[in-house]
Amino acid sequence: MTDGPFLIAVLGDQLTPDIAALRHADKANSIVLMMEVADETTYVKHHKAKIAFILSAMRHHADALRMAGWTVDYVRLDDPANQGSFTAEVARAIERHDPRAVHVTEAGEWRVRAMLESWATRFAMPVTIHEDDRFLCSHAEFDSWAVARKQWRMEYFYRAMRRKTGLLMTQDGKPEGGEWNYDAENRKPPPQRDLLMPRPIRFRPDRVTQAIMTMVEVRFAEHIGRLDQFHFAVTREEALRQQTRFLDEALPRFGDYQDAMLTDEPFLWHSILSPYINAGLLDPLDLCRAVEKRYREGKVPLNCAEGFIRQIIGWREYVRGVYWHEGPDYAQRNALGASRDLPAFYWTGDTDMHCMAQAIGQTIDHGYAHHIQRLMITGNFALIAGIDPFQVHVWYLEVYADAYEWVELPNTLGMSQFADGGLLGSKPYAAGGAYINRMSDYCGSCRYDVKQRVGENACPFNALYWDFLIRNENKLARNPRLAMPYRNWERMAEEDRAATRKQAARFLDSLA
Ligand code: FAD
Ligand code: DLZ
Ligand code: SF4
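Being a predicted model, the structure only gives us computed values, none of them experimental.

## What to know about the packing of helix α3 (residues 48-67) against helix α8 (residues 207-219)
Axis angle and axis distance: for two packed helices, these are the angle between their axes and the distance between the axes, and together they describe the pair.
Right, on to step 1. Look at α3 against α8: their axes get within 9 Å of each other, and the N-to-C directions meet at 140°. Taken together, the axes of α3 and α8 lie oblique to each other. Every pair of crossing elements has a handedness; the one defined by α3 and α8 is right-handed. Only Val-208, Thr-209, Ile-212, Met-213, Met-215, Val-216 and Glu-217 of α8 make contact with α3, whose side of the interface consists of Lys-48, Ile-51, Ala-52, Leu-55, Ser-56, Arg-59 and His-60.
Right, on to step 2. Its residues assigned to classes, the contact of α3 with α8 shows eight nonpolar, three polar and three charged.

## A word on the pattern of salt bridges
Right, on to step 1. Applying the stated rule across the entire model yields 34 salt bridges.
Right, on to step 2. Where Arg-199 meets Glu-265, a salt bridge forms, and the shortest distance between an N and an O atom there is 2.8 Å. With a gap of 66 residues between them, Arg-199 in the loop between α7 (154-165) and α8 and Glu-265 in the loop between α9 (236-254) and α10 (274-279) connect regions that are remote in the sequence.
Right, on to step 3. You can call Glu-265 buried: its relative accessible area is 9%.
Right, on to step 4. Here Arg-310 makes a salt bridge to Glu-306, at a shortest N to O gap of 2.9 Å. In this pair, Arg-310 and Glu-306 both sit in helix α12 (residues 302-326), four residues apart, roughly one turn of the helix.
Right, on to step 5. Connected through shared salt-bridge partners, Asp-183, Arg-187, Glu-306 and Arg-310 make up one network.

## Points about the side chain of Ser-85
Right, on to step 1. Residue position: Ser-85 is located in the loop between β3 (71-75) and α4 (86-97).
Right, on to step 2. Ser-85 gets classed as buried once you look at its relative accessible area, which sits at 14%.
Right, on to step 3. A distance of 3.0 Å separates a polar atom in the side chain of Ser-85 from the backbone nitrogen of Ala-88.
Right, on to step 4. Here Ser-85 is in contact with Val-37 and Asp-39, once residues within four sequence places are set aside.

## A word on α12
Right, on to step 1. Here α12 contains 25 residues, and its C-alpha end-to-end distance of 34 Å stays within 8% of the 36 Å for a straight helix at 1.5 Å per residue.
Right, on to step 2. Among the 25 residues in α12, 22 count as buried, and that is most of the element.
Right, on to step 3. Just past α12, the residue Gly-327 takes up positive phi, approximately 90°.

## Structural notes on the sheet that holds β3
Right, on to step 1. What the five strands build is an open sheet, ordered β3-β2-β1-β4-β5; its pairing is parallel. Single-partner strands in this sheet number two, and they are β3 and β5 (127-130). Within this sheet the neighbouring strands show an average axis-to-axis angle of 25°, counted without direction.
Right, on to step 2. With respect to the sheet, α3 is in contact with β2 (30-35) and β3, its orientation differing from that of β3 by roughly 160°.

## Considerations on the site of ligand 1
Right, on to step 1. The local shell around ligand 1 holds 28 residues, among which His-270, Ser-271, Ile-272, Asn-278 and Tyr-368 are the closest.
Right, on to step 2. Take Arg-374: an N or O atom from its side chain is 3.5 Å from a nitrogen atom of ligand 1.
Right, on to step 3. The contact in question runs from a nitrogen atom of ligand 1 to an N or O atom on the backbone of Asp-402, over 3.1 Å.
Right, on to step 4. Burial of ligand 1 by the protein chains amounts to 99% of its free accessible area of 820 Å².
Right, on to step 5. Elements represented by at least two residues in the shell around ligand 1 include exactly α10, α12, α14 (371-385) and α16 (405-416).

## Looking at the layout of surface pockets
By rolling a water-sized probe across the atoms, one finds the places where empty space is left.
Right, on to step 1. The space that makes up the second largest pocket amounts to roughly 310 Å³.
Right, on to step 2. Lining the second largest pocket are 15 residues; nearest its centre among them are Tyr-448, Pro-460, Arg-506, Phe-507 and Ser-510.
Right, on to step 3. With five residues, the top contributor of residues to the lining of the second largest pocket is helix α21 (residues 494-511).
Right, on to step 4. Class assignment for the residues of the lining of the second largest pocket results in seven nonpolar, four polar and four charged.

## Examining empty space enclosed by the protein
Right, on to step 1. For the structure on display, the rule yields five cavities of 30 Å³ or more.
Right, on to step 2. What the largest cavity holds in volume is close to 360 Å³.
Right, on to step 3. If you go around the largest cavity, you meet 22 residues; those closest to its centre are Gly-12, Glu-40, Ile-54, Phe-86 and Tyr-404.
Right, on to step 4. The set of elements that each furnish at least two residues to the lining of the largest cavity consists of α2 (38-42), α3 and α5 (110-123).
Right, on to step 5. The element contributing the most residues to the lining of the largest cavity is α3, with five residues.
Right, on to step 6. When its residues are assigned to classes, the lining of the largest cavity shows 12 nonpolar, four polar and six charged.
Right, on to step 7. There is about 160 Å³ of room inside the second largest cavity.

## Details of the environment of Leu-77
Right, on to step 1. One can find Leu-77 in the loop between β3 and α4.
Right, on to step 2. Overall, Leu-77 belongs to the buried group, its relative accessible area being 4%.
Right, on to step 3. Setting aside residues no more than four positions away along its own chain, Leu-77 makes contact with Glu-36, Val-37, Ala-38, Thr-41, Leu-55, Asn-82, Met-215, Arg-219 and Phe-220.

## A closer look at the site of ligand 2
Right, on to step 1. As a matter of local geometry, ligand 2 sits amid 19 residues, with Asp-13, Met-35, Glu-40, Gly-108 and Glu-109 nearest to it.
Right, on to step 2. In this structure, an oxygen atom belonging to ligand 2 sits 2.8 Å away from a side-chain N or O atom of Asp-13.
Right, on to step 3. In this structure, Glu-40 approaches ligand 2 through a side-chain N or O atom, which is 2.6 Å from an oxygen atom.
Right, on to step 4. Compared with its free state, where it exposes 490 Å², ligand 2 has 100% of that area covered by protein.
Right, on to step 5. Its atoms largely coinciding with the cavity grid, ligand 2 occupies the largest cavity.
Right, on to step 6. Breaking the shell around ligand 2 down by element, the ones donating at least two residues are α2, α3 and α5.
Right, on to step 7. Of the residues forming the shell around ligand 2, the biggest block, three residues, is contributed by α3.

## A short note on the packing of α14 against α16
Right, on to step 1. Running from N to C, α14 and α16 cross one another at 55°; their axes reach a closest spacing of 10 Å. When the interaxial angle is binned, α14 and α16 end up oblique. In this structure, α14 crosses over α16, and the sense of that crossing is right-handed. The segment α14 lies against α16, with His-371, Leu-375, Gly-379 and Leu-383 engaging Asn-411, Met-415 and Ser-416.
Right, on to step 2. Of the residues that constitute the contact of α14 with α16, the class distribution is three nonpolar, four polar and no charged.

Each value, and the rule that gives it
- Throughout this description, residue numbers start from 1 for each chain and increase along the sequence as written.
- Working convention: letters from A go to chains and numbers from 1 go to ligands, in the order in which they are written.
- The predicted nature of this model means local features are confined to residues of pLDDT at least 70 and side-chain atom pairs, given and counted, to a pLDDT of 80 or more, with totals for whole chains, interfaces and linings taken over all residues.
- Excluding hydrogens and water, the side-chain values take into account all heavy atoms of the structure.
- Axis definition: a line fit to C-alpha positions, over the contact stretch in the case of helices; interaxial angles, taken between N-to-C directions, run 0 to 180 degrees.
- Per the convention used, a helix needs a DSSP run of H or I reaching at least four residues, while a strand needs a run of E reaching at least two, with both numbered from the N terminus.
- Oblique is the label for any angle not under 35 degrees, not over 145, and not in the 65 to 115 range, which are roughly parallel, roughly antiparallel and roughly perpendicular in turn.
- In this scheme, a crossing is called left-handed if the near helix is turned counterclockwise away from the far one by less than a right angle; it is called right-handed if the turn is clockwise.
- Whether two residues touch is decided by their heavy atoms; if any such pair falls within 4.5 Å, the residues are in contact.
- Charged means Asp, Glu, Lys or Arg here, nonpolar means Ala, Val, Leu, Ile, Met, Phe, Trp, Tyr, Cys or Pro, and polar covers whatever is left, Gly included.
- Here, a salt bridge means any Lys or Arg side-chain nitrogen found within 4 Å of an Asp or Glu carboxyl oxygen.
- Partly exposed describes any residue whose relative accessible area lies between the buried limit of under 20% and the exposed limit of over 50%, with all areas from a 1.4 Å probe on protein chains only and scaled to the type maximum.
- Here a polar contact means two N or O atoms within 3.5 Å. Within protein one must be a hydrogen donor candidate and the other an acceptor candidate, and residues neighboring in sequence count only if both atoms are side-chain atoms.
- Expected helix span is computed as 1.5 Å times (number of residues minus one).
- Two strands qualify as a pair provided that DSSP identifies no fewer than 2 bridges between them.
- When we say a residue is near a molecule or strand, we mean one of its heavy atoms is within 4 Å of it.
- All accessible-area figures derive from a Shrake-Rupley calculation using a 1.4 Å probe, and residue coverage is judged against the displayed protein chains alone.
- Think of a 1 Å grid over just the protein atoms. A cavity is a set of points where a 1.4 Å probe fits yet cannot get out, a pocket is an open set with protein on both sides within 12 Å along at least five of seven lines, and lining residues have an atom within 4 Å of a point.
- Grid points are joined across faces, edges and corners, and a volume is the space filled by probe spheres set on the points.
- Grid points define the cavity or pocket, and a molecule sits in it when more than half of its atoms lie within 2 Å of them.

This is the structure we're talking about:
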């Protein structure tokens, strides 16, 4: 062992000042290594705005660490000596600094975890991989929760997290207001558009971001997305300003309109904070405490505060637990045996289905769509059209600025595509046009008629929904939560059923 410095690698989604690998390190005797590498920018073809956001946030974070007294060795993507991978760049840094040991915080996906685990042997020096404690629930805690149960339900996991954090709990250990979950109050159809609708802050790209945007336009010209709409925060201070904007303006109605969709309104009452939480610019627990405070001050109704906190300490923690618990093969699951290719319009938004054109169009513009668009528009369509879930997974990983495999994969493959057979949801999130019509204003300006199931102008979601149920009858018919739709199908006249299946077949053929 040399008496050189400690080499501390900080990855692009670890932009937290006291990330585990840095927390106990000695500033005077450590080199922080940050690496922009081709492997990470191209392991899938990320949206241009996602690459620009991460690289800019990394460069700003390096500056903040330097200001705080750290020595930072920062490798840029356009450095001619750059070897293009975390492992090769750590090897080069070892030559530069002759460190006594390497420290790093665990990665957010199996692919990179395998890389980090190879370092100790490859570099023949002590390598410490620190657990990422920015999450409430450790791997060990989730595993013991999971193995103790025959059937997993997010709701019970969420209650355990409420008890653990004390968020929205009374002093005698009961849920605030008497109920754990106020979702029933959170399904209001879209409101009228008005001037009081919240607007997230649009941050103007500074010189650092502009330089990265120029590089991204050239180097990643083939990737989806545009940059002229780029508005992301790239520093902790900016992300905190966006957080405050959300708490002040959108949170008071977040719950009410959580599932609503409006034409040309990409953000509604959503927080648009997921890219910052996932990259480490915002702390999820601090955010939940700020939400609780607004509720206790009487500024926010309980259904909105509870609904928001559930997304973070419930869903976010739960999907992470599932990702790591299920192992690296989870991505290959395909419980419904779906095999159709992802239609080309997922890359362009060029389709007559107005709901799809809206959800995909704003994804191309902003690298963002809110949950119900991801689940009930693009996800629902892929599910009922029988698209190969792995292709759907890769699309979601590429197109959203907040996408990292630990959170994207269980949401896509599990929750949205039912490809894990029901770990994430007790029934598939499949719906016909009536649901979309109830929760949005999309159908009013669509060339299709949402009320029709068959015929030239029939909404494609309608026939596809029934066709999906019948195609998968042997796997789904015994699900008690689907008993009603299967009964309704049986009640349909034989010629209507035949026409519906023919309509679906014709539409699916047109996708090929
Ligand atoms: P808000 O509606 O304001 O919600 C608040 C926060 O709760 C989010 O910022 C997020 O941190 C958390 N959250 C809400 N729902 C979930 C969820 N299901 N899983 C995890 N966290 C949640 N979220 C990602 O962060 N990255 C992804 O790659 C991702 N892929 C998804 C793919 C599909 C098919 C689906 C259905 C959902 C996916 N989600 C993903 C979850 C959710 O859609 C996004 O977190 C949310 O839309 C982000 O926007 P927001 O910050 O405005 O969220
Ligand atoms: C997503 C991403 C991109 C596009 N680029 C980089 C990069 O150049 N350097 C880096 O450290 N991280 C990047 N990331 C985030 C990583 O992919 C992420 O840290 C790993 O998936 C580990 O979770
Ligand atoms: Fe979407 Fe059908 Fe409504 Fe058109 S009619 S917007 S395709 S649900």
